[in-house]
Amino acid sequence: MAQIFLSYSRNDGNDYVAEVQRELEARSYATWRDTRDLHPDQDFTADIEAAIEKSSHVVVCVTEDSKRNNSFVRREIQYALVIKKPVISLLCTKNVVPHIHIINNECLKYFEDKAKALNRLIEILNDPRLQNEPGNQPEDTFRPYLETALQSIITGLQQRIIRQIDLRSTATPDAVNAPKHQAQTKPLDVFQLAMSGVTMGRNVEPEQVEEKTDFDTFAEAFEYYNHRVLLMGAPGAGKTITLMAYAREAYAARLEDPTKPLPLFGLIPTWNPETQPPLADWLAETYGLDKATVQQEIEQGRALLLLDGLDELGRERPIDPTKPGGEKYDPRLRFIKVSPISNQILMTSRIEEYNDMVARGEKAVLDGAITLQSLSEKQMAGYLADQPELWRLIREDEHLWEITTTPLLMSFFAFAYQDMSAEERIQLTQLNNALDLRDRIFLGYIEKRYEHESKKVNADLAFSLEEILDILGKLATQDAASLWGTTNIISPYEQDKVLNQSELVSFAKLTRQMHILISIETGSFRFIHLMLYNVLVYKYSTLALKDENHHARENAAIALGRIGDARAVAPLVVALKDKNGDVRSSAASALGGIRDTRTIEPLIDALKDADWTVRSSAAYALGEIRDVRAVEPLITALKDEDDDVRRSAADALGEIADMRAVEPLIAALKDSNEVIRHSAVNALTYIEDVRIVEPPIAALEDEYEYIRSDAADALEQIGTPEALAAVKKWQKQQRKR
């Protein structure tokens, strides 16, 4: 017999639902009700939805509090209606009206006659002819999309394994270009003022409430910042799952009330920074919606934009991928510039990658930013209350403590550890750094998920565990090494390079069941978390650096640079001596991406490589690392016979911004190649020295317009009277032309 789902408000429905549960179970009905004490936007599981799916009926104990906007009951009714489950109302208090979507269903007056209501309930449960059809839903053009998107969000939550953790957050006001947040005011109590004898007039000031800096729930922070928030955190801090939990509430609210904002969920790494499509077009194409209609909703401020993974677009990259030292752009900044200045917006990003953008003076235009905090000792102890041995181990091991303060790794670790052998547990504690521990935890998770699938009746295991790890590694590495720098979006094109169609169907099904891959639009999929993706890239690529095929070695080097794992420094330094020039060049670029000062000397040596692409990549990498030891070798590289090497050297000297480079860069302004002159102008603007005023002034006469324009911008940035006078004179000349 299928179970009966019992929906109720925790605030005033406990006694009623407990009575109903006892009566149903006494009649041999299985029941399910949620007994957790949670705020809806802190419910990171899909336990409720999974229970509704397994139930034959949903019985709603209708009380006054069940009508509250943020009640779980609203969400439970909406999901039951979406998946066509019969919903039965039990009116538990007098004068309470059922929810609008089930108001026309048969309502049992439990408050009036409990026995009669229960008997009728049993009749309805036993006779399909008496069961209510789904109620009339409000008209909404977007209803099919909303129902599909809600189910997709719930599927995504089901694939996560994070249990209840109350994530706390702290305001990070300097992260966004926000209007000054007005301290909230406490409303005047007119009657209290009248009784106090205070004369009400212009001199009565409302009591100021101190601006908040800490929030217990995300919903509280989102409300406080006018529903326009950047949500940041360390890897695994819970950004995506917080967004998904809030999205679930937003979709349920819109299904209930078409006047609520239209939720539009977008995976930012699927947006193309090359073509830069308008936000409305991108979101409409993602869900097969009409572009004009979506554009109208956004233009009129009626949308809630749920934008996940700004950091996954990647850092600055060359406009031409084949020229790593060439002109660059930041895909994250391009996305921010197409984001509307109106509408409710929730955008997520890893904090380190976002700060990289802020360091160059770029910020999102939102009303506030909050950063998810690491787990406290109390939270960790509560999470592991049923695993005391694991909690003791974490407390005694600084490396384990370091990585398990993030919810994702805590949940993965708890899952993997419970089935580890004594020998495996000992091996875990013998690892000597946090990244090795992280890798072992994720790989342990995959192993345990595979074991779980293998124990199922009629298990269809078309691949061994070793094959799965190898294929996952190939897919992740191939994506990380992609020419256009996509991250964790495995397209059908990339899938076809590794598996044939028949293999792909079986592989995708198995890895989805194992909660490793998640299907997204247009046949693509992604790993459940970017950290898992990085683990597999590192594991596969460090081995592939020794592959006989030089293309495999080249891709491995590129991929290791993209994930920025410092453990890859040693094998990449070895790759700087590879017999193939493309591999050496990719290794140099990768070391620049990792930005580890241990690589300075090997990269300086690479400036003497016989292959110009290696020299250019090495110069570019030295600029990324910004170590002053590279200044003199880069000055020498300004005289390299190859144009690309000279350009990369000029760009790198600008990044390091050492005064020793001023004279050599001034000399480079006379280079025969206009691209190098352009790089020299830009480089000089970063060096704080009065001698840089004259070279940009001279560059105002360059034959190329874009060099003249950049020189004018540089002079305005310098801002001295001499510089500004030169710009003013140049602008006047431009108007005369």
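Rules used throughout
- Residues numbered from 1 in each chain as written.
- Predicted model: local features only at pLDDT ≥ 70, side-chain atom pairs only at ≥ 80, totals over all residues.
- Heavy atoms only, no water.
- Core = buried A, V, L, I, M, F, W, Y, C linked by side-chain atoms within 4.5 Å.
- Buried < 20%, exposed > 50% of the residue type's maximum accessible area, 1.4 Å probe, protein only.
- Contact = heavy atoms within 4.5 Å.
- Pairing = 2+ DSSP bridges.
- Helix = DSSP H or I, 4+ residues; strand = E, 2+ residues; numbered from the N terminus.

Engineer: Can you walk me through the nonpolar core in this structure?
Structural biologist: A general trend in soluble globular proteins is that nonpolar side chains are found buried together. Judged by nonpolar contacts, the single largest core of 211 residues is most densely connected at Y251, L264, F335, F527, L572, L634 and L665. Contacts of L634, omitting those with residues within four sequence positions, involve L607, A619, L622, A649, A652, L653 and I656.

Engineer: What is the right way to read the sheet that holds strand β5 (residues 107-108) from this model?
Structural biologist: Strand-to-strand pairing in sheets goes through backbone hydrogen bonds, with the strands running parallel or antiparallel. The strand order across the open sheet built from five strands is β2-β1-β3-β4-β5, with neighbouring strands paired in parallel fashion. Edge positions in the open sheet fall to β2 (31-32) and β5, since each of these has one partner strand only. In terms of strand pairing, strand β4 (residues 87-91) meets β5 through two bridges, oriented parallel. Paired with S89 across the two strands is C107, which belongs to β5.

Engineer: What's the story with the pairing of strand β16 (residues 368-372) in this structure? I'm lost.
Structural biologist: Both faces of the sheet carry side chains from a regular strand, because those side chains alternate between them. Burial runs high along β16: five of the five residues are buried. On β16, burial covers both faces: G368, I370 and L372 on one face and A369 and T371 on the other are all buried. In terms of strand pairing, strand β6 (residues 169-171) meets β16 through three bridges, oriented antiparallel. Paired with S169 across the bridge in β16 is L372. Two strands pair when backbone bridges link them, and strand β10 (residues 228-233) and β16 are joined in this way by four bridges, in the parallel orientation. When the sheet's bridge partners are listed, M232 is paired in β16 with T371.

Engineer: How should I be thinking about unusual backbone geometry in this particular structure?
Structural biologist: Keep in mind that most residues, glycine aside, have a negative phi and that most peptide bonds are trans. Non-glycine residue Q276 carries a positive phi angle of around 50 degrees. Inspection of the secondary structure assignment puts Q276 in the loop between β11 (262-267) and α9 (279-287). In this model, N343 sits at a positive phi of 75 degrees, which is unusual for a non-glycine residue. Mapped onto the fold, N343 is located in the loop between α11 (331-338) and β15 (344-350). Residue classification places N343 among the buried positions, given a relative accessible area of 8%.

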